[in-house]
Amino acid sequence: MQIRKLTGHIGAELLGVDLTKDLTPTLIADIRQALLDNLVIFFRDQTLSPEQQIHFAECFGEISRSPVYRTLEAYPKIMPVVKESTDKDIIGDTWHTDETFQATPPLGSLLYAREIPPLGGDTLFANLYMAYDRLSDALKEQLSDMRAIHSNDFLSTNAQLRNATRSTKLREDIGKINTSHPVVRTHEETGRKLLFVNQPFTYCFEGMTREESLPLLQYLYQQSSKPELTCRFRWGPGSMAFWDNRCTMHYAINDYPGHRREMHRITVQGSIPV
Ligand code: SIN
């Protein structure tokens with residue numbers, strides 16, 4: 001396996017791997033290390049059945065089912081992420097970390113391209129370790145004991161309205177899911193600190209109102225999506241991205257009107273952020 005870095009700070013393509021072949025413990029350990037080192041890894045030209053994608057994901061932990069989006073009837077472990085050529089809207093077109101409103105947000109997500117538009121539809125990824133590292137010592141100190149409330153409010157409010165213009169469907173029977181996480185998270189495998197807030201799901205700082213929280217939150221969001229902390233992936237047929245959801249954000253670009261895009265997402269169960 002060869003590792004080709006995409007930028008100086010995040011993202012790498014793993015070359016010479018066929019995910020349909022036997023996945024030896026050594027190869028899985030190497031892939032896991034590449035994920036920890038690069039935060040998001042990419043495979044190209046894979047021909048995977050749903051079963052093979054599930055089998056690969058299960059090499060990294062138990063699969064968690066999205067509590068808010070509908071999954072495939074035949075494969076409940078797979079969440080389809082689809083934009084039909086006639087759709088106006090998509091999911092994920094804002095910087096976010098997946099499902100941080102859960103007490104145990106996913107460890108990572110594996111997104112496999114089944115159909116891609118002729119151009120456009122790229123995905124951006126951002127490095128949340130660096131977002132933290134670059135803050136001043138005084139701000140790091142201020143944030144060190146703070147916690148934030150994360151909520152699915154952004155998705156559950158007007159779920160019906162959102163479903164009207166998107167093919168990736170929210171479940172409409174879901175109530176509010178709220179949880180609290182540290183603002184500065186320590187990654188359980190690398191031991192590195194990172195900034196763990198994101199615009200759609202972080203509602204406010206614990207003990208403060210949303211109005212009081214927003215100015216500082218907005219500043220942190222701006223810092224975490226600076227171009228130099230990011231990489232951009234151009235999908236090809238059979239590409240798969242695997243991001244470490246504990247230390248990254250991502251952003252899907254909606255710039256392919258009139259074209260279809262179909263992806264299959266699987267999330268691996270994470271642990272309680274500390
Ligand atoms: C997502 O936010 O999980 C979807 C990303 C994408 O469609 O590129």
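Overview of the structure. (Residues numbered from 1 in each chain as written. Predicted model: local features only at pLDDT ≥ 70, side-chain atom pairs only at ≥ 80, totals over all residues. Heavy atoms only, no water.)

**Looking at helix α7 (residues 210-224)**
Heads up, the condition is: By the criteria applied, helices consist of DSSP H or I runs no shorter than four residues and strands consist of E runs no shorter than two, each listed in order from the N terminus. By this rule, a helix spans an expected 1.5 Å times one less than how many residues it contains. Here the bend at each residue means the angle between axes fitted to two seven-residue stretches, the one ending at that residue and the one beginning there. Each residue's exposure class comes from its accessible area (1.4 Å probe, protein chains only) as a fraction of the maximum for that residue type: buried when under 20%, exposed when over 50%, partly exposed otherwise. By definition, residues are in contact when any of their heavy atoms lie within 4.5 Å.
Taking 1.5 Å as the rise per residue, α7 with 15 residues should run 21 Å; its terminal C-alpha atoms sit 20 Å apart, in good agreement. Maximal helix bending in α7 amounts to about 30°, located at Leu216. Among the residues making up α7, those that are buried are Ser213, Leu216, Leu217, Leu220, Tyr221, Gln223 and Ser224. Tucked inside the fold, the buried residues of α7 contact β7 (123-127), α3 (128-133), α4 (137-143), β11 (193-195), β12 (202-205) and β15 (248-252).

**Description of the pairing of strand β5 (residues 79-83)**
Our working definition: By the convention used here, strands pair only if DSSP detects at least 2 bridges between them.
Counting buried positions along β5 gives 5 out of 5 residues, so the element sits mostly inside the fold. The alternating pattern of β5 places Met79, Val81 and Lys83 and Pro80 and Val82 on opposite faces, both of which are buried. Two strands pair when backbone bridges link them, and β5 and strand β16 (residues 261-268) are joined in this way by 5 bridges, in the antiparallel orientation. Paired with Lys83 across the bridge in β16 is Arg261.

**Notes on the sheet that holds β7**
Note the following rule: Interaxial angles span 0 to 180 degrees and are taken between N-to-C directions of axes, which are lines fitted to C-alpha atoms, for helices over the stretch in contact.
Taken in spatial order, the 3 strands of this open sheet run β13-β7-β15, and their pairing is antiparallel. The open sheet has two free edges, formed respectively by β13 (230-233) and β15, since each of these has just one partner strand. The mean inter-strand angle of the sheet, taken between neighbouring strand axes irrespective of direction, is 20°. Two elements, β7 and β13, share 4 bridges in a ladder whose sense is antiparallel. If you follow Ala126 over to β13, its bridge partner there is Thr230.

**What to know about the sheet that holds strand β9 (residues 178-182)**
Spatially, the 3 strands line up as an open sheet ordered β9-β8-β12, and their pairing is antiparallel. The two strands at the open ends of the sheet, each matched to only one other strand, are β9 and β12. Mean inter-strand twist for the sheet, computed between neighbouring axes without regard to direction, equals 30°. Of the strand pairs in this sheet, strand β8 (residues 147-151) and β9 are connected by 5 bridges, and their pairing is antiparallel. Looking at β9, one finds that Ala148 is bridged to His181.

**Remarks on the side chain of Glu262**
Within the secondary structure layout, Glu262 lies in strand β16. Residue classification places Glu262 among the buried positions, given a relative accessible area of 18%.

**Let's talk about the site of the ligand**
So the rule is basically this: We call a residue near a molecule or strand when any one of its heavy atoms sits within 4 Å of it. In protein, a polar contact means a hydrogen-donor-capable atom and an acceptor-capable atom, both N or O and within 3.5 Å, with residues adjacent in sequence counting only if both atoms are side-chain atoms; elsewhere, any N or O pair within 3.5 Å suffices. Under the convention used here, a 1.4 Å probe and the Shrake-Rupley method define accessible areas, while residue burial counts only the protein chains that appear.
Residues in close proximity to the ligand include Val81, Gly92, His96, Asp98, Leu111, Thr123, Trp243, His250, Ala252, Arg261 and Arg265, which together make up its full environment. One of the side-chain N or O atoms of His250 is found 3.1 Å from an oxygen atom in the ligand. A distance of 2.8 Å separates an oxygen atom of the ligand from a polar side-chain atom of Arg261. Coverage of the ligand by the protein chains reaches 99% of its 260 Å² of free accessible surface. Sorting the residues of the shell around the ligand by element identifies β15 and β16 as the ones contributing at least two each.

**Topic: the pattern of salt bridges**
Worth spelling out the cut-off: Think of a salt bridge as a Lys or Arg side-chain nitrogen and an Asp or Glu carboxyl oxygen that are within 4 Å of each other.
Inspection of the entire model under this criterion finds 22 salt bridges. Taking the shortest distance from any N to any O, the salt bridge between Glu206 and Arg147 comes out at 4.0 Å. Separated by 59 residues along the polypeptide, Glu206 in the loop between β12 and α7 and Arg147 in strand β8 bring together distant segments of the chain. Look at Glu206 and you get partly exposed, because its relative accessible area is 42%. A relative accessible area of 34% means that Arg147 is categorised as partly exposed. Of the charged contacts in the structure, one is a salt bridge between Glu188 and Arg185, with a shortest N-O distance of 3.5 Å. Take Glu188: its relative accessible area is 40%, and that puts it in the partly exposed class. By relative accessible area, which is 1% here, Arg185 ends up buried. In this structure, a network of salt bridges that share partners links the residues Arg32, Arg185, Glu188, Glu189, Asp244 and Arg246.

**Quick look at the packing of aromatic side chains**
Applicable threshold: Side-chain rings of Phe, Tyr and Trp (the six-membered ring for Trp) are treated as a pair once their centres are within 6.5 Å; stacked means planes under 30 degrees apart, edge-to-face means over 60, and tilted covers the remaining angles.
The final tally for this structure, using the stated rule, is 10 aromatic pairs. Between Phe60 and Phe242 the ring centres are 4.9 Å apart and the planes differ by 70°, which places this aromatic pair in the edge-to-face class. Within this pair, whereas Phe60 is found in the loop between α2 (50-58) and β4 (63-64), its partner Phe242 is found in strand β14 (residues 240-244), the two being separated by 182 residues in sequence. For Phe242, a relative accessible area of 0% gives the class buried.

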